[in-house]
Every structure is written in structure tokens, then in C-alpha cells.
Amino acid sequence: MQTPAVYGVGDASYQAAGGFEGLQRLTRDFYALMDQLPEATALRSLHGSDLSISQDKLACFLSGWLGGPRRFSEKYGSIAIPSFHARWPIDESLSQSWLTCMAQAIARQPYAPEFAEYLLAQLRVPAERIVQASRNRHANAAD
Ligand code: HEM
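Draft legend 1. Focus on the packing of helix H2 (residues 19–36) against helix H7 (residues 92–107). Two elements in contact, H2 and H7, have axes separated by 8 Å at closest approach and are oriented at 130 degrees. The orientation of H2 with respect to H7, classified from their angle, is oblique. Between H2 and H7 lies a crossing of right-handed hand. Between H2 and H7, the contacting residues are Leu 26, Asp 29, Phe 30, Leu 33 and Met 34 on the first element and Trp 98, Cys 101, Met 102, Gln 104, Ala 105 and Ile 106 on the second.

Structure, rendered in C-alpha cells:
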């Protein structure tokens, strides 16, 4: 019997996502969905017209975040996800749109069901931190 991969240990998650090629497919599908889904219109409008750089940046970020090569810091420098996003007023509704696009993009990948569920649950953590950081920043700005 095969021992199940322990996601989050070493590069198990990166491998389960299909390595960098897998992450490129995931993030291409994610931004294509953001471009198409009516419920993502407000989220889409925060982005520039060309999504290809956003797509590369997200694939590079997820590479390191899932235990693979730290492509984002090598190519683009360091990033703190919550404070980077705090420039925009990101509420629960925008966060939910982002997670909806991601859930549908994940569903299009040939991932094991356990990994699909794990990945989405992991992504809810930074999504929630983004909402909190944005709320703090914009609440202070209104003082
Ligand atoms: C919570 C909902 C989220 C919203 C509304 C959101 C929105 C955005 C926006 C508007 C940009 C800029 C895109 C551009 O320049 O065209 C961006 C960039 C980015 N986002 Fe998010 N995002 C969210 C969640 C996340 C999460 C959970 C992650 C990581 C797991 C993430 C990772 C990134 C990265 C790596 C970039 C590129 C950073 C850069 O330009 O240097 N985002 N996001």
C-alpha cells in the first residue's frame, strides 16, 4: 500500500500540484475564470487589463508557498501577502470571489480530491489575513 503524502511537509504539496507546470495551469485557469465569472466583476476590476503578469506572479508565489522553489523572491523580491493587499479595501465579499475563482480553478485540475480540499483550505488562511489587514488599514485611514 502506498503511504499517503503528508501535504505541507517538504515539497509534497508542490509535487501534488504538478510542480511549476501544474501551478501555471492552475493560475491560468484562475485568472481566466476571474475574467469570465459575473460574480468576479468587482475583483477583476481591481486588476490591470493584462492578467499575464499577475498569473506569473501568483504561480511563482505558490511555488515557494507550497514548499517548492522560491521563484517569487528570486524573480520579484520579497512580499508580505496581507500588507501588500492592504492598499485595496478588500472585504469578505471580494475575498469570497477570489476563493470562488480559486475553487473552480482547482476543480479543473487533475488533483487528488484530498489535495484539492487541502489546498483550498490552506488558501482561506491568507485570504482571511488579507481581509483583516485591509480592514485595519482602511479603518485607520478613516480616523
Ligand atoms: C482575498 C482576496 C484577494 C484579493 C481581492 C486579491 C487581489 C489582488 C490584486 C488586485 C492584485 C494586483 C494585481 C495586479 O497588479 O494586476 C493581487 C496580486 C497578488 N496577489 Fe492577491 N488577492 C487576494 C488573495 C490572494 C491570496 C490568498 C494570495 C496568496 C496565496 C494572493 C497572492 C497575490 C500575489 C502573489 C500577487 C502579485 C503581487 C505583486 O504584484 O507583486 N492574493 N491580488
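Draft legend 2. Expanded view of the environment of Ile 106. Here Ile 106 is to be found in helix H7. Along the sequence, Ile 106 and Ala 17 sit 89 residues apart, while their C-alpha atoms lie 9.5 Å from each other. Residues within four places of Ile 106 in sequence aside, it is in contact with Leu 26, Tyr 111, Ala 116, Leu 119, Leu 120 and Leu 123.

Draft legend 3. Summary view of the packing of aromatic side chains. Tallying each qualifying case throughout the model produces 10 aromatic pairs. Ring centres 5.7 Å apart and planes at 70 degrees place the aromatic pair Phe 84 and Trp 88 in the edge-to-face group. Since its relative accessible area comes to 24%, Trp 88 is described here as partly exposed. In this structure, Arg 71 packs its charged tip against the face of Phe 20, placed 3.8 Å from the ring centre.

What counts and how
- Residues numbered from 1 in each chain as written.
- Predicted model: local features only at pLDDT ≥ 70, side-chain atom pairs only at ≥ 80, totals over all residues.
- Heavy atoms only, no water.
- Axes fitted to C-alpha atoms, helices over the stretch in contact; angles between N-to-C directions.
- Helix = DSSP H or I, 4+ residues; strand = E, 2+ residues; numbered from the N terminus.
- Parallel < 35°, antiparallel > 145°, perpendicular 65-115°, else oblique.
- Left-handed = near helix turned anticlockwise from the far one by under 90°.
- Contact = heavy atoms within 4.5 Å.
- Phe/Tyr/Trp six-rings, centres within 6.5 Å; stacked < 30°, edge-to-face > 60°.
- Buried < 20%, exposed > 50% of the residue type's maximum accessible area, 1.4 Å probe, protein only.
- Lys NZ or Arg CZ within 6 Å of the ring centre and 35° of its normal.

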